[in-house]
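Below are the chains, spelled out letter by letter.
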Amino acid sequence: MSDDHKEELRTLVSNLGAGIRETHHRSAYDAAANICSGIFDTIPVDLHDVVHEAVMAGYAAALGDLEEGKLDDQVRERAEIIE
């Protein structure tokens with residue numbers, strides 16, 4: 001892998017993780033590690049950090065949405081279905 005490509009990947013990883021709030025970091029990290037543990041063998045080693053950070057960013061965004069109440073209606077609807 002060229003140095004330019006490595007730098008692009010480092011920048012991507014940095015940008016993906018930039019929006020993760022400190023309060024969500026540990027939960028997002030643990031969730032990403034759990035999810036990624038099953039797929040790391042199937043992707044190139046050079047992409048491990050990118051995939052891990054992308055999963056972390058998505059998980060942290062979902063936590064933020066939950067905290068802000070953006071998913072309240074969906075949660076209520078699903079709870080009604082279960083009852």
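Note that the structure is predicted; figures quoted are calculated from it, not measured.

1. Side note on the confidence of the model for the protein chain
Then comes step 1: In this model, the protein chain carries an average pLDDT of 87, and 100% of its residues clear a pLDDT of 70 or more.
Then comes step 2: Averaged over each element, pLDDT in the protein chain is lowest for helix α1 (residues 3-18) (83) and highest for helix α2 (residues 22-36) (92).

2. With respect to the side chain of His24
Then comes step 1: For His24, the position within the fold is in helix α2.
Then comes step 2: Under the relative-accessibility criterion, His24 is labelled buried at 4%.
Then comes step 3: Beyond its immediate sequence surroundings of up to four residues, His24 is in contact with Ala60, Leu63, Gly64 and Glu67.

3. Looking at the nonpolar core
Then comes step 1: Ile20, Ala28, Ala32, Met56 and Ala60 form the largest nonpolar core, which has 5 residues in total.
Then comes step 2: Among all residues touching Ala60, those that are not within four sequence positions of it are Ile20, His24 and Ala28.

4. Concerning the packing of α2 against helix α3 (residues 48-67)
Then comes step 1: Axis separation between α2 and α3 bottoms out at 8 Å; the angle between their running directions is 130 degrees. Between α2 and α3, the interaxial angle falls into the category oblique. Seen from above, α2 lies across α3 with right-handed handedness. On α3, the residues touching His24, His25, Ser27, Ala28, Tyr29, Ala31, Ala32, Ala33, Ile35 and Cys36 of α2 are Val51, His52, Val55, Met56, Tyr59, Ala60, Leu63, Gly64 and Glu67.
Then comes step 2: For the contact of α2 with α3, the class distribution of residues is 13 nonpolar, 5 polar and 1 charged.

5. Remarks on α3
Then comes step 1: Here α3 spans 29 Å end to end across 20 residues, near enough to the 28 Å set by a 1.5 Å rise per residue.
Then comes step 2: Lining the buried residues of α3 we find α1 and α2.
Then comes step 3: Downstream of α3 by one or two residues, Gly69 has phi in the positive range, about 80 degrees.

Calculation criteria
Residues numbered from 1 in each chain as written. Predicted model: local features only at pLDDT ≥ 70, side-chain atom pairs only at ≥ 80, totals over all residues. Heavy atoms only, no water. pLDDT = per-residue confidence, 0-100. Helix = DSSP H or I, 4+ residues; strand = E, 2+ residues; numbered from the N terminus. Buried < 20%, exposed > 50% of the residue type's maximum accessible area, 1.4 Å probe, protein only. Contact = heavy atoms within 4.5 Å. Core = buried A, V, L, I, M, F, W, Y, C linked by side-chain atoms within 4.5 Å. Axes fitted to C-alpha atoms, helices over the stretch in contact; angles between N-to-C directions. Parallel < 35°, antiparallel > 145°, perpendicular 65-115°, else oblique. Left-handed = near helix turned anticlockwise from the far one by under 90°. Nonpolar A, V, L, I, M, F, W, Y, C, P; charged D, E, K, R; others polar. Expected span 1.5 Å × (residues − 1).

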